[in-house]
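So you can see what is in the structure, the chains are spelled out below.
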Amino acid sequence: MSRVLVPLADGFEEIEAINIIDVLRRGGIEVLVASLGEKGAVKGAHNVSVLSDMSINDVVVENLDMIVLPGGWDGTVALRDDANVQQILKEMDKKGKSIGAICAAPLVLESAGVLKHNYTCYPTIEKQIREDGFSDKSMVVEDANVLTSRGPATAICFGLQIVKKLQGEKKYSEVKSALLAEYCD
């Protein structure tokens, strides 16, 4: 079974995190939700709290197939500034493992030096990353081992693309059909 880490920091975008976690689990992927502090509740940007499965301090990269970062401005800044998250991203990239980020979170990837040339993000965040390679034409952009997506409304499609990458076309089609997400092409 594929295993994906979703680190959460206070101020994360709830729609993105919950949709990604839900879609991946529907796709038969084990999702580990990690908080930046001790295991416990992490409060989102709109005051929805999510319980973490573990602390980021307990993550073992060898046990992961992918890391996916939700956006939300305060959560993104906290992930960018967290030494553990930065180290995990660098180690995942060095091993050629998959990396994903949505909304403002590609900024975290850029900070870690793992964002590839082609990417997408929430409008205006590209000005803080770089405009070269930015695209607003697709809901999800894949470049090498990195997948990026635009924002809250693209979270289901982003999750489905991760299912396709890790579980294959058949599982992707099954989950997409069950979610009535035919708009995710």
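Residues numbered from 1 in each chain as written. Predicted model: local features only at pLDDT ≥ 70, side-chain atom pairs only at ≥ 80, totals over all residues. Heavy atoms only, no water.

The next point concerns the overall build of the protein. A tally of helices and strands in the protein yields seven helices and nine strands. For the protein, the C-alpha radius of gyration of 15 Å lies close to 16 Å, the compact-globule estimate for 185 residues. Viewed in the frame of its principal axes, the protein has a C-alpha envelope of about 35 × 35 × 35 Å. Looking at the protein as a whole, 53% of its 185 residues qualify as buried. When contacts within the protein are restricted to residue pairs at least 6 apart in sequence, long-range pairs at least 24 apart make up 62% of them. For the protein, the exposed surface amounts to about 8,100 Å²; the carbon and sulfur share of it is 48%. Between the averaged position of the 20 positive side-chain charges in the protein and that of its 27 negative side-chain charges there is a distance of 4 Å. (Helix = DSSP H or I, 4+ residues; strand = E, 2+ residues; numbered from the N terminus. Rg over C-alpha atoms; globule rule 2.2 N^0.38 Å. Buried < 20%, exposed > 50% of the residue type's maximum accessible area, 1.4 Å probe, protein only. Contact = heavy atoms within 4.5 Å. Areas by Shrake-Rupley, 256 points an atom, 1.4 Å probe, with all protein chains shown as cover. Lys, Arg positive; Asp, Glu negative; His and termini not counted. Charge placed at Lys NZ, Arg CZ, Asp CG, Glu CD.)

Topologically, Leu 79 is positioned in helix 2 (residues 73-81). For Leu 79, a relative accessible area of 1% puts it in the buried group. Put simply, Leu 79 and Val 108 are 29 residues apart on the chain and 6.6 Å apart in space, counted from C-alpha to C-alpha. With near-sequence residues (within four places) excluded, Leu 79 lies in contact with Pro 7, Ala 9, Leu 36, Leu 69, Pro 70, Val 85, Gln 86 and Val 108.

In this structure the tally under the stated criterion is one disulfide. Covalently, Cys 157 is tied to Cys 184 through a disulfide, its sulfur atoms 1.9 Å apart. Sign of the S-S torsion, about -70 degrees for the bond between Cys 157 and Cys 184, identifies this disulfide as left-handed. You can see Cys 157 sitting in helix 6 (residues 155-167) and its partner Cys 184 sitting in the segment after helix 7 (169-178), a full 27 residues away along the chain. Of the two residues, Cys 157 and Cys 184, neither departs from the other in class, the shared state being buried. Take Cys 103: it sits in no disulfide, and the sulfur closest to it among the cysteines is that of Cys 121, at 8.4 Å. What makes Cys 103 buried here is its relative accessible area of 9%. (Disulfide = S-S within 2.5 Å.)

With that settled, consider the packing of helix 6 against helix 7. Two packed helices can be described by the angle between their axes and the distance between those axes. As a packed pair, helix 6 and helix 7 sit with axes 7 Å apart at the nearest point and diverge in direction by 150 degrees. As far as their axial angle goes, helix 7 and helix 6 are roughly antiparallel. Crossing geometry of helix 6 relative to helix 7 is assigned as right-handed. Counting all contacts with helix 6, which are made through Leu 160, Gln 161, Val 163, Lys 164 and Gln 167, the residues of helix 7 involved are Glu 169, Lys 171, Tyr 172, Val 175 and Lys 176. For the contact of helix 6 with helix 7, the class distribution of residues is four nonpolar, two polar and four charged. (Axes fitted to C-alpha atoms, helices over the stretch in contact; angles between N-to-C directions. Parallel < 35°, antiparallel > 145°, perpendicular 65-115°, else oblique. Left-handed = near helix turned anticlockwise from the far one by under 90°. Nonpolar A, V, L, I, M, F, W, Y, C, P; charged D, E, K, R; others polar.)

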